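Observations on chain architecture
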Amino acid sequence: MRIIRCKDYDDMSRKTANIISAQVILKPNAKLGLATGTTPIGAYKQLIAWYNKGDVDFSEVSTYNLDEYLGLGPDDPQSYRYFMNDTFFNHINIDKAKTHVPDGSNLDAEAACAAYDELMAAAGPLDLQLLGIGRNGHVGFNEPGDSFSKGTHCVELAESTIQANSRLFDSIDDVPRKAYSMGVQNIMSAKTILIAASGADKAQAVYDMIYGPVSPQCTASILQLHADCFVVADEAALSLCK
Ligand code: GLP
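Quick summary incoming for the structure in this document. (Residues numbered from 1 in each chain as written. Predicted model: local features only at pLDDT ≥ 70, side-chain atom pairs only at ≥ 80, totals over all residues. Heavy atoms only, no water.)

Another aspect to go through is the sheet that holds strand β8 (residues 178-181). Strands sit in the order β4-β8-β7 across an open sheet of three strands; the sheet is antiparallel. Where the open sheet ends on each side, the last strands, each with one partner, are β4 (67-69) and β7 (153-156). Ignoring strand direction, the axes of neighbouring strands in this sheet form an average angle of 30 degrees. Where β4 meets β8, three bridges bridge the pair, whose relative direction is antiparallel. Its bridge partner lying in β8, Y69 is registered against A179. (Pairing = 2+ DSSP bridges. Helix = DSSP H or I, 4+ residues; strand = E, 2+ residues; numbered from the N terminus. Axes fitted to C-alpha atoms, helices over the stretch in contact; angles between N-to-C directions.)

Okay, structure coming up:
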């Protein structure tokens, strides 16, 4: 793992955006794995600014998002598809047909997950997978458990994740209890992985990811086994990593 230490959230966002734009400049038809959450918002904003200046072109890029809440369709403002359109895709010249998010409106979990895995298998390995990290060390929605999941699967969200994500909903009762998520095998198949983290509330998860045993109790720890993984994190998130 290579650790890129950043001063603060803005610095982390710029460095994350720099790596993503370098990937797209080097390979205009790059396949990007993308993440939702608060962490990548600054990087998406930076990429939009560079796109507006003419510095980066997304016309040939295709994207594959990590996860989606079960039961939320693309027009639901709480869905991750809506988030991606609203935060990023609507502001750049990406072809929406080349952007992919698991289909939360398909309540047939087996079919929805199989369809996403087939899509990813047909695409081949992603060039760059962007990840955030949950306070409990989850990546995508791969919650702590007894084993690592492989392909896209339906997840029962951990109580701590429901709590953490409730800040984005009107009430905790509105947070979906289930989600579709890429599995660890999908994520580890990417050629390069960039995991971004910001804030003191991520410090323990970041420490466990970098120094802890490789264990499904901290899903992000599996990234220690990836040959080309960057951790882009600010001082607060790295505060336990001296
Ligand atoms: C969510 C998402 C993850 C995200 C993580 C951290 O539950 N499923 O993909 O990385 O939690 O979110 P945030 O960046 O808002 O802290």
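The strand order across the open sheet built from seven strands is β1-β10-β9-β6-β2-β3-β5, with neighbouring strands paired in parallel fashion. Both edges of this open sheet fall to β1 (2-6) and β5 (99-100), since each of them pairs with a single strand only. Relative to strand β9 (residues 192-197), strand β6 (residues 128-131) runs parallel, the two being bridged by four bridges. Along β9, the bridge assignment pairs L128 with T192.

Counting residues in each nonpolar core, the largest one holds 60 residues, and the members touching the most others are F58, F88, I195, V206, M209 and L223. Each residue touching M209, except ones within four places of it in the same chain, is listed here: M1, I133, I195, C218, A220, S221, L223, Q224 and V231. Of all hydrophobic cores here, the second largest spans ten residues; its members include Y80, V155, F169 and V175. (Core = buried A, V, L, I, M, F, W, Y, C linked by side-chain atoms within 4.5 Å. Buried < 20%, exposed > 50% of the residue type's maximum accessible area, 1.4 Å probe, protein only. Contact = heavy atoms within 4.5 Å.)

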